[in-house]
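Coordinate analysis (summary)
Chain by chain, the residues:
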Amino acid sequence: MSPGRPTSSHWGPLRARVEDGELTVDPHELDPHPSSLLRNMGTANGHPARIRHPMVRRGWLENGAGPSSARGHDEFVRVDWSELTALLAAELDRVIDLHGNAAIFGGSYGWGSAGRFHHPQSQVHRFLNTIGGYARSVNTYSTGASSVLLPHVLGHDVDAIHGLTGWSVLAEHTTMIVAFGGLPAKNLKVAPGGITRHRGAAALGRIIDDGTTVVAVTPSRADCPAGPDVRWCPINPGTDVAMMLALAWVLVTGHLHDIEFLRTRCAGYEQLEAYLLGAEDGVPKTPEWAEGITGVAAAEIHTLALQMAANRTFVSVTWSLQRARYGEQPPWTAIALAAVLGQIGMPGGGFGHGYGSMGDVGLPQRRNPLPTLPQGHNPVDAFIPVARVADMLLNPGARFEYDGGVHRYPDARLVYWCGGNPFHHHQHIGRLRRALAMPDTVVVHEPFWTATARHADIVVPSATSFERSDIGASRNDPCLVAMHQVCDPPGEARTDYETFSELAAAMGVRSAFTEDGSERDWLRRIYERWRGEVAGQKADPPPFDEFWSAGHTELPDAPDDQVMLRDFAHDPDAFRLSTPSGRIELSSETIRSFGYDDCPGHPTWLLPDAGPSEEYPLTLLASQPAHRLHSQLDMCPASQETKVGGREPVLMHPEDATPRDIASGGLVVISSAQGSCLAGAVLTRDIKKGCVQLSTGAWYDPLDPSDPDSPCGHGNVNTLTADRGTSRLAQGCTGQLVSVDVRAHRGPVPPVRAHIPPRGAAPSPSP
Ligand code: PGD
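Residues numbered from 1 in each chain as written. Predicted model: local features only at pLDDT ≥ 70, side-chain atom pairs only at ≥ 80, totals over all residues. Heavy atoms only, no water.

A few words now on helix H4 (residues 120–130). Most of H4 sits out of view: ten of its eleven residues are buried. Along H4, the residues classified as buried are Pro-120, Gln-121, Ser-122, Gln-123, Val-124, His-125, Arg-126, Phe-127, Leu-128 and Asn-129. For H4, the elements touching its buried residues are helix H3 (81–99), strand S6 (104–105), strand S17 (414–418), helix H18 (496–506), helix H19 (510–514) and helix H20 (519–534). Where H4 terminates, the next one or two residues include Gly-132, which has phi positive at roughly 115°. (Buried < 20%, exposed > 50% of the residue type's maximum accessible area, 1.4 Å probe, protein only. Helix = DSSP H or I, 4+ residues; strand = E, 2+ residues; numbered from the N terminus. Contact = heavy atoms within 4.5 Å.)

Given below as structure tokens:
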């Protein structure tokens, strides 16, 4: 049997072949720990949920462009490629002529699929730049708060988001990890573009086996790695900052703080101390004070602080903690706590962010560039923080605050999405649906009938990564994988590059977009450009043809001994940070000068304004799913096997379930101030009482598609979450937590239709 062609994915490298018409996927020999989720990929490719033909929404086709609440429940009409290209080119021309390029919203957030050339965001941005630019989005749904906050605290050139201390340094030197958010191993399976060797989970296992104490502070035991010295510290959701402050209070009042480090490496310790001791607001941040907020016993906090001081302690914060209201505070307070301990810059001590949030965090840091498709120049200034998309559509021209500035939302008439699923990633779907009714035209390129594709006017069927050739590469990964095309796209689907090339031709800019290159020409170009860039960095990758036939090439491994801020901590005069003070800003005059009450000038405990109430007494954790990546391949076995009664499982403590008459396996209704959804109950003591957990990514399935506020029959968590920014500083996504109630579902059980194509788009057999 042939070993299959090499290719890659967000889950890592793989080999794929077509046998008797079936696509078969096997792990790649490069990866000693392949992800179990690879098995989803083969079944997805020919699934009935594939979009096989160009489609236009009937209302848009018959009535022309304009706002419409029919999006999401109208019928689709199949058109041929030439008609679709002509319609889309004419609409882009119309919008540009009447409203200018800022009226095209091309923020188009999303993970798409692996491959550096066909990277959907690069393709759409290059195309939109070729026709004069677009209103863009900044930052990500993953790390929206941290990416704006941390440059103020550590400077622009310290990429603390991506784990600057290596796993192997932790294995060698750390004796205690206090992990706020835990260290969830499930997320180590994935990284954008795919890591070739999954080493994170093995490294974490080694750390635990070697006797490092791990204190996992999280409401969910699922976030704790297994091991004899792993302690689960169940905490009330969204209260970690109070616990961190109390730990710091114990250290400071017990004279266990490193005053020399705080004075010489940090700025603003005096303000922080005044706040900790209560001199600023009359509230000392004692363990007793924190107990009332966090649910963690004061004595436990006290003991933990003493243990932290006696150990080489690594204070880790998952990205999920900053994906909540006031999400800037957990990473900032954790840095302050690590600074109080004085171990920042020491091997195995200090602060870490994102460990357990993604597979490439904590791997040896690589400085070399990746092969990329040049995106050209965007002359349009208009932008939004990425998670403010519904706000923008609902309030064209309105002012918004962001990172010290005041800006205005663009008046978006055409929304262009390629490689993302806002019905998965955006909060408060009812509001998103009302927002998406506002523009004149919504264009979506997608391989699958996601809810985002169903809400489009113009649906462009995209090829998957099996149906094109590309180069797989990702941050911190030493390998480049030659992604060989394995099969043809079904029906009339084609690559986004082909679509944009035809569109560019129809708009008279084909050569500017394609530079007269075929797919293979571009792969050669971006590879050879990359080869030139890495040459000399102790690397000598082969010419393109050799790389292509070998199936991969590998750079020498980067040093594995990286410690965040080691040089700075050693000699703060020689290695100043790029902050205004040149030091770690425990208090920031810049942030204070913005005057934001939702992000004051130093780490602060702020009581969330939509916490549990009489009506919504439970806190829901919207975690990243273990059995799929975001919403990707939700219809495939690894995801489907976890469903309960066909719906997304919701984890509940038995003591919350019993009074509500809810049994394991029963259908429940979860409701919040924003909306409601059905889910399948799973009772477990692995979740803190008072909390429920529902993963992100179940495809949206409205019971009444014509009602924007319809309950979702399948368990899409973003029908429940609130669409508010973290604060005026970062305006990041706050999808992690929401207050809810849960009750048993009574009455008829609706079918799940999430993965069935919409009206007018019934699948035809593959050619
Ligand atoms: P995906 O499901 O990966 O989610 O949000 P994102 O939109 O990235 O969507 C990618 C889409 O791209 C899929 O539908 C896939 O089919 C499509 N695609 C794949 N390849 C191609 C291609 O070649 N061309 C085209 N045109 N399309 C392609 C992820 C986002 O969700 C993230 S990063 C995070 S961290 C957020 N987390 C949370 C959270 O913690 N809580 C809540 N409530 N919500 C969240 N959403 C966020």
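Structure's up, so let's keep going.
Read across the open sheet, the six strands follow the order S5-S4-S19-S18-S17-S6; overall the sheet is mixed. Of all strands in the sheet, those bounded by a partner on one side alone are strand S5 (76–78) and S6. Here two bridges tie strand S4 (residues 55–57) to strand S19 (residues 458–461), and the two strands are oriented antiparallel to one another. Along S19, the bridge assignment pairs Met-55 with Val-459. Strands in contact with H4 are S6 and S17; relative to S17, the strand with the most contacts, it is inclined by about 145°. (Pairing = 2+ DSSP bridges. Axes fitted to C-alpha atoms, helices over the stretch in contact; angles between N-to-C directions.)

Before going further, it helps to examine the site of the ligand. Not every one of the 36 residues close to the ligand is listed here, only the nearest: Ser-113, His-425, Glu-446, Arg-468 and Ser-631. Within the contact set of the ligand, an oxygen atom lies 2.7 Å away from a backbone nitrogen or oxygen of Trp-111. Measuring from an oxygen atom of the ligand, one finds a side-chain N or O atom of Arg-468 at 2.6 Å. Protein contact buries 98% of the 930 Å² of open area that the ligand shows by itself. (Near = heavy atom within 4 Å. Polar contact = N/O pair within 3.5 Å; in protein donor to acceptor, adjacent residues only side chain to side chain. Areas by Shrake-Rupley, 256 points an atom, 1.4 Å probe, with all protein chains shown as cover.)

The next subject is the domain arrangement of the protein. Taken as a whole, the protein is organised into domain 1 (55–134 + 378–391 + 405–475 + 479–554), domain 2 (150–365 + 575–594) and domain 3 (618–744). Put simply, the middle of domain 1 and the middle of domain 2, counted by C-alpha atoms, are 38 Å apart. Between domain 1 and domain 2, the residue contacts involve seven residues of the former and ten residues of the latter. Here domain 1 meets domain 2 over a buried area of about 790 Å², counting both sides, of which 51% is carbon and sulfur. Interface area lost by domain 1 to domain 2 is led by Trp-111, Ser-474 and Arg-475, which between them contribute 66%. Taken together, the links from domain 1 to domain 2 amount to two salt bridges. (Domains from an automatic or database assignment. Buried area = accessible area lost by both parts, 1.4 Å probe. Salt bridge = Lys/Arg side-chain N within 4 Å of Asp/Glu carboxyl O.)

Moving on: the pattern of salt bridges. By the definition in use, this model includes 43 salt bridges. A salt bridge links Glu-467 to Arg-50, with the nearest nitrogen and oxygen atoms 2.8 Å apart. Of this pair, Glu-467 sits in the loop between S19 and strand S20 (470–472) while Arg-50 sits in the loop between helix H1 (39–45) and S4, placing them 417 residues apart in sequence. A relative accessible area of 2% places Arg-50 in the buried class.

So, on to the side chain of His-630. Along the chain, His-630 falls in the loop between strand S24 (618–621) and helix H24 (637–640). In terms of polar contacts, His-630 uses its side chain to reach the side chain of Gln-624, at 3.4 Å. His-630 has contacts with Trp-111, His-424, Gln-624, Pro-625, Thr-696 and Gly-697, leaving out every residue within four places of it along the chain.

In this model helix H8 (residues 240–253) runs 20 Å from its N-terminal to its C-terminal C-alpha over 14 residues, within 8% of the 20 Å that 1.5 Å per residue would give. Taking burial as the measure, the 14 residues of H8 include 13 buried ones, the bulk of the element. (Expected span 1.5 Å × (residues − 1).)

On to the sheet that holds strand S27 (residues 676–683). Strand order around the closed barrel formed by six strands is S24-S28-S25-S27-S26-S29, with mixed pairing between neighbours. Neighbour to neighbour, the strand axes of the sheet diverge by 45° on average, direction disregarded. The sheet contact formed by strand S26 (residues 667–671) and S27 spans five bridges and is antiparallel. Within S27, the position partnered with Leu-667 by the bridge is Gly-680.

In summary, soluble globular proteins display a tendency toward joint burial of nonpolar side chains. Core analysis: the largest hydrophobic core is formed by 175 residues, its most contacted members being Phe-180, Met-243, Ile-584, Leu-620 and Ile-670. Counting residues in hydrophobic clusters, the runner-up holds 46 residues, among them Trp-81, Leu-373, Ala-504 and Met-507. (Core = buried A, V, L, I, M, F, W, Y, C linked by side-chain atoms within 4.5 Å.)

Despite not being glycine, Asp-20 has its phi angle at roughly 50°, a positive value. If you trace the backbone, Asp-20 turns up in the loop between strand S2 (12–19) and strand S3 (22–27). Here Asp-20 falls in the exposed class, since its relative accessible area comes to 80%. With phi around 50°, Asp-403 is a residue other than glycine that occupies positive phi space. Turning to its location among the elements, Asp-403 is positioned in the loop between strand S15 (399–402) and strand S16 (405–408).

Take the layout of surface pockets next. Here the second largest pocket is characterised by a volume of approximately 1,000 Å³. Together, 43 residues line the second largest pocket, and His-119, Gln-121, Thr-140, Pro-192 and Arg-475 are the ones closest to its centre. Among the elements of the structure, H4, strand S7 (136–138) and helix H5 (144–154) are those that each provide at least two residues to the lining of the second largest pocket. Among the residues forming the lining of the second largest pocket, the class breakdown is 16 nonpolar, 23 polar and four charged. For the lining of the second largest pocket, the domains that each give at least three residues are domain 1 (55–134 + 378–391 + 405–475 + 479–554) and domain 2 (150–365 + 575–594). (1 Å grid on protein atoms, 1.4 Å probe; cavity = no way out; pocket = protein on both sides within 12 Å on 5 of 7 lines; lining within 4 Å. Points joined across faces, edges and corners; volume = space filled by probe spheres on them. Nonpolar A, V, L, I, M, F, W, Y, C, P; charged D, E, K, R; others polar.)

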